[in-house]
Each structure stands twice: as C-alpha cells, then as structure tokens.
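Structure at a glance
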Amino acid sequence: MGKTSSEDAKRILSNTSPEKAFWVNNGPILKNIIELAMAAKKLTPQQFAHHVSNAKNDFAKWAEDVIRDSELAKKLRHAKTREELADVVTNRLGQLRKLLK
C-alpha cells in the first residue's frame with residue numbers, strides 16, 4: 001500500500017456512477033464519501049446495524065470496491081459504532097482535502 005497521491009485523492013472524492021451509489025437502508029443514496037460523512041452522523045441505530053455486523057461491513061466494502069480507497073476501507077472495518085464510522089470518514093476526508101491543496 002503506497003501513499004495516496006493528489007490524483008488518488010481527486011478520484012476518491014469524486015462521485016460514483018449512479019449504479020454504484022450506496023443505498024442506505026431506508027435512507028439516502030450516497031454518491032461519494034463526502035455524502036457518507038454527512039450521512040454517518042445521522043444514521044439510525046437500525047440503519048447502522050443493517051449495514052454493519054460481525055459478518056459484514058457494507059460501508060467498508062463500498063469504500064474498497066467502488067470508491068477504491070483501501071486505506072479508508074481498512075479503517076471502516078474496525079468501526080463498530082455510528083460515531084466511529086463518522087469519525088473515520090471525517091478524518092479521511094481531511095487527509096484527502098489536504099492532498100489537494
């Protein structure tokens with residue numbers, strides 16, 4: 001795993017194609033990790049539990065497979081609460097935005 005380049009940061013922050021958007025259970029449709037950061041703070045316990053369990057983490061899978069940010073995905077796999085999810089995504093957003101300055 002190398003360092004994230006500014007080109008990587010641009011790609012990671014950009015919108016996914018509509019068919020690859022993340023559909024939150026009974027919630028918003030997310031096109032990018034900026035929207036994920038905002039949605040993470042508003043997830044209900046039921047929504048969080050629908051997407052994150054001991055057996056799966058849909059947010060980490062989306063970050064890995066669609067956003068193609070393995071660093072974010074790795075950290076998301078360890079997020080066991082909505083607060084941790086929001087913190088991980090918010091911190092990664094900060095790192096990526098610094099790369100674009």
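The structure this text deals with has already been given above.
A few points on the structure. (Residues numbered from 1 in each chain as written. Predicted model: local features only at pLDDT ≥ 70, side-chain atom pairs only at ≥ 80, totals over all residues. Heavy atoms only, no water.)

Where helix 1 (residues 6-13) contacts helix 6 (residues 82-99), the two axes come as close as 8 Å, and the packing angle between them is 130°. Compared by their axis directions, helix 1 and helix 6 come out oblique. Relative to helix 6, helix 1 is oriented so that their crossing is left-handed. On helix 6, the residues that touch S6, A9, I12 and L13 of helix 1 are R92, L93, L96 and L99. (Axes fitted to C-alpha atoms, helices over the stretch in contact; angles between N-to-C directions. Helix = DSSP H or I, 4+ residues; strand = E, 2+ residues; numbered from the N terminus. Parallel < 35°, antiparallel > 145°, perpendicular 65-115°, else oblique. Left-handed = near helix turned anticlockwise from the far one by under 90°. Contact = heavy atoms within 4.5 Å.)

Looking now at the packing of helix 2 (residues 33-40) against helix 6. The description of two helices packed together rests on the angle between their axes and the distance between the axes. At a closest axis distance of 8 Å, the pairing of helix 2 and helix 6 adopts a crossing angle of 150°. In this structure, the crossing between helix 2 and helix 6 has a hand that is left-handed. Each of I33, I34, L36, A37 and A40 in helix 2 lies in contact with helix 6, whose residues at this interface are R82, L85, A86, V89, T90, L93, L96 and R97. Among the residues making up the contact of helix 2 with helix 6, the classes are represented as 10 nonpolar, 1 polar and 2 charged. (Nonpolar A, V, L, I, M, F, W, Y, C, P; charged D, E, K, R; others polar.)

Quick look at unusual backbone geometry now. Residues other than glycine predominantly adopt negative phi, and peptide bonds predominantly adopt the trans conformation. Backbone geometry at N26 places phi at a positive 55°, although glycine is not the residue there. Looking at the secondary structure, you find N26 in the loop between strand 1 (22-23) and strand 2 (29-30). You can call N26 exposed: its relative accessible area is 74%. The phi dihedral of R68 falls on the positive side, at around 60°, and the residue is not glycine. Relative to the helices and strands, R68 resides in the loop between helix 4 (58-67) and helix 5 (70-76). Relative accessible area serves as the criterion here: at 51%, R68 is assigned to the exposed category. (Buried < 20%, exposed > 50% of the residue type's maximum accessible area, 1.4 Å probe, protein only.)

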